[in-house]
Amino acid sequence: TSPSTLSAIASDQAPTPYEKENYVRTFLDRYLNYDAHSIAGNWSYALNMMTGNLRNLTLAEFQKSDTVGKYESEHVRSVFKLAQVQTSQTDPMLYTVTGVRTVSRLTGGETEDVDEIVESHNVRLAEFDRSALNPAGLLIAEVTETQIYSESKQVKATDLDREEQSQ
């Protein structure tokens, strides 16, 4: 086959912009949305979406600081509401995702710490051959987080009970 035919076949098999954006959204959904019961599964899924180097670095950091154990014992809950996804004008594999994350943790029997964080994530994709294990042909090669704004507050259990009753 001619080189032009081979390049046409390769471009037909390359991930589309929609597939790339969906991959980024799915990754951040798993990585940033969790509670004490789903954290291990969600982070395992997100780690498997990363390149080997990034996965090893991230896993080593989690293990060194016992992140999962701490978050489970503190009953940490994180909810990320995505606001905007932008593709880089110069790099079609780089996405900037902006959203608001609400992180709450139990600090004692009576109170819960709640942090509302406006943040931006730069996510770089790496393209690989499509396979049964990686049908998208994509992996996350780099993730960086920039905190734009943060607000912390303490909520008493009685305040939470009132809010639930009024809804």
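Residues numbered from 1 in each chain as written. Predicted model: local features only at pLDDT ≥ 70, side-chain atom pairs only at ≥ 80, totals over all residues. Heavy atoms only, no water.

**Considerations on the overall build of the protein**
Part 1: When helices and strands are tallied, the protein shows six helices and four strands.
Part 2: Mapped in sequence order, the helices and strands of the protein form the string α-α-α-α-α-β-β-β-β-α.
Part 3: For the protein, with 167 residues in total, the buried portion stands at 32%.
Part 4: About 10400 Å² of surface is accessible on the protein, with carbon and sulfur atoms providing 50% of the total. (Helix = DSSP H or I, 4+ residues; strand = E, 2+ residues; numbered from the N terminus. Buried < 20%, exposed > 50% of the residue type's maximum accessible area, 1.4 Å probe, protein only. Areas by Shrake-Rupley, 256 points an atom, 1.4 Å probe, with all protein chains shown as cover.)

**So, helix H2 (residues 17-32)**
One full turn of an α-helix is made of 3.6 residues, so residues set three or four places apart face in the same direction.
Part 1: Over its 16 residues, H2 runs 22 Å from end to end, which matches the ideal 22 Å to within 8%, given 1.5 Å per residue.
Part 2: Taken as a whole, H2 has its buried residues at Lys20, Tyr23, Val24, Phe27, Leu28, Tyr31 and Leu32. For H2, the angular spread of the buried residues around the axis is 135°, confining them to a single face.
Part 3: Those residues of H2 that are buried lie in contact with helix H3 (39-47), helix H4 (52-65), strand E1 (77-87), strand E2 (94-106), strand E3 (111-127) and strand E4 (138-156). (Expected span 1.5 Å × (residues − 1). Arc of directions from axis to C-beta. Contact = heavy atoms within 4.5 Å.)

**Thoughts on the side chain of Thr51**
Part 1: Tracing the chain through its elements places Thr51 in the loop between H3 and H4.
Part 2: Thr51 gets classed as buried once you look at its relative accessible area, which sits at 12%.
Part 3: Here Thr51 is in contact with Ala126, Phe128, Leu139, Ile140 and Ala141, once residues within four sequence places are set aside.

**Observations concerning H3**
Part 1: What H3 keeps buried is the set Ile39, Asn42, Trp43, Ala46 and Leu47. Relative to the axis of H3, the buried residues are bounded by an arc of 135° and lie together on one face.
Part 2: On its buried side, H3 packs onto H2, H4 and helix H5 (67-73).

**What about the sheet that holds E4?**
Part 1: An order of E1-E2-E3-E4 is seen for the four strands of this open sheet, with the pairing classed as antiparallel. At either margin of the open sheet sits one strand with a lone partner, and together these are E1 and E4. The sheet shows a mean angle of 15° between the axes of neighbouring strands, taken without regard to direction.
Part 2: In terms of strand pairing, E1 meets E2 through 10 bridges, oriented antiparallel. Opposite Val85, over in E2, you have Val97 as the bridge partner.
Part 3: Sheet contacts for H2: E1, E2, E3 and E4; angle to E3, the most-contacted strand, approximately 150°. (Pairing = 2+ DSSP bridges. Axes fitted to C-alpha atoms, helices over the stretch in contact; angles between N-to-C directions.)

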